[in-house]
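Per-entry structural report
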Amino acid sequence: MNMDNIVVVLVRPEESRNVGAVCRAMANSAVHTLRIVGRREDLDDGKVRVLAIHAAYIWERAEFFDSVTAATADCTVSAGTTRRRGKKRKGKLFLPEEFAGNAGRVTDGGGRAAIVFGNERTGLTDEELEECSCGVTIPSSDEFASLNLSHAVQIVCYELFRAANGGLTGYTPISLSRLDQTVGVITESLAQMGFFQRVTGDGMASFWRQVFSRASLSEGEAQYIEKTFHKAAGLFVGRGREQDR
């Protein structure tokens, strides 16, 4: 995904600090193009910068338009965000991660993909949502379904960023064959320490394999465990030799 072709559009934002927080949320996910339906003079520059912090450059480059249609005229797809469903609310609404997949195809092909956020109090009107080519919704509790503007922007931009970077999994769990190597190190180390004079080695290996497979170890974790048992066995054997002298 080409993140330079992602466009965030804010429609009639009322709170200047929210705009600053939006800039920071965008910068967190490498999204840099901000367009606002409204007038720059209606927003307080100082308040925007207080929350934008080092992302104030996004505010400085922001473009202003008279309508959603004008703000997204050069875009291939424009997704209006909404929590309300209905006949006039686009019918089918995409989840953020689903829209990210579509946006990736569009931006990789050279087109722009816009995500449109409504006013903090009222969201997008039926008419404003109609100006968008599709709709996106962020699931939330019925107890309090309304999201802060910058939080909504953060969630959608995060999914776009993840899609652009191959999903960004926290780590890749090792395979069972790799896990067997770790279990082998453990049992070999315990054998060096004479542990299996009291316990059956096969049962111990099966135990560690079951426990570690449920834990879904990373490569780094597996290596750390191996080093721990290697060192423990080395210390045990070394002390045994000293006592024999």
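Residues numbered from 1 in each chain as written. Predicted model: local features only at pLDDT ≥ 70, side-chain atom pairs only at ≥ 80, totals over all residues. Heavy atoms only, no water.

1. Some points on helix H7 (residues 149–164)
- When the terminal C-alpha atoms of H7 are compared, their 23 Å separation across 16 residues agrees well with the 22 Å that a helix rising 1.5 Å per residue should span.
- Burial in H7 covers these residues: Leu149, Ser150, Ala152, Val153, Val156, Cys157, Glu159 and Leu160.
- Against strand S1 (6–11), helix H1 (16–28), helix H5 (96–108) and strand S6 (113–117) lie the buried residues of H7.
- Once H7 finishes, Gly166 follows within two positions and takes phi at roughly 70°, a positive value. (Helix = DSSP H or I, 4+ residues; strand = E, 2+ residues; numbered from the N terminus. Expected span 1.5 Å × (residues − 1). Buried < 20%, exposed > 50% of the residue type's maximum accessible area, 1.4 Å probe, protein only. Contact = heavy atoms within 4.5 Å.)

2. A short note on the pattern of salt bridges
- Under the defined criterion, the tally for this structure stands at 14 salt bridges.
- Asp42 is the salt-bridge partner of Arg39, the closest N and O atoms lying 2.9 Å from each other.
- Its salt-bridge partner being Arg49, residue Glu60 comes within 2.8 Å of it at the nearest N-O pair. You can see Glu60 sitting in helix H3 (residues 56–60) and its partner Arg49 sitting in helix H2 (residues 45–52), a full 11 residues away along the chain.
- A relative accessible area of 32% means that Arg49 is categorised as partly exposed.
- It is possible to trace a salt-bridge network through shared partners that takes in Arg35, Glu63, Asp74 and Arg112. (Salt bridge = Lys/Arg side-chain N within 4 Å of Asp/Glu carboxyl O.)

3. Examining the pairing of S1
- Of all 6 residues that make up S1, 6 are buried, and the element is covered over most of its length.
- A two-sided burial pattern is seen for S1, the buried positions comprising Ile6, Val8 and Leu10 on one face and Val7, Val9 and Val11 on the other.
- Bridging between S1 and S6 involves 5 bridges; their strand directions are parallel. Across the sheet, the residue bridging to Ile6 is Ala113, located in S6.
- Judged from the 5 bridges that link them, S1 and strand S2 (residues 33–37) form a sheet pairing that is parallel. Counterpart to Val8 in the pairing with S2 is Leu34. (Pairing = 2+ DSSP bridges.)

4. Describing the layout of surface pockets
- Of the pockets and cavities examined, the largest pocket occupies roughly 400 Å³.
- Looking at the lining of the largest pocket, its residues break down into 8 nonpolar, 11 polar and 5 charged. (1 Å grid on protein atoms, 1.4 Å probe; cavity = no way out; pocket = protein on both sides within 12 Å on 5 of 7 lines; lining within 4 Å. Points joined across faces, edges and corners; volume = space filled by probe spheres on them. Nonpolar A, V, L, I, M, F, W, Y, C, P; charged D, E, K, R; others polar.)

5. Considering the environment of Leu147
- Inspection of the secondary structure puts Leu147 in the loop between strand S7 (134–136) and H7.
- On the basis of relative accessibility, which here comes to 35%, the residue Leu147 falls in the partly exposed class.
- Remark: the alpha-carbon pair of Leu147 and Arg83, spanning 64 residues in sequence, is separated by 9.2 Å.
- Excluding its chain neighbours within four sequence positions, the residues that come into contact with Leu147 are Ile138, Ala152 and Ile155.

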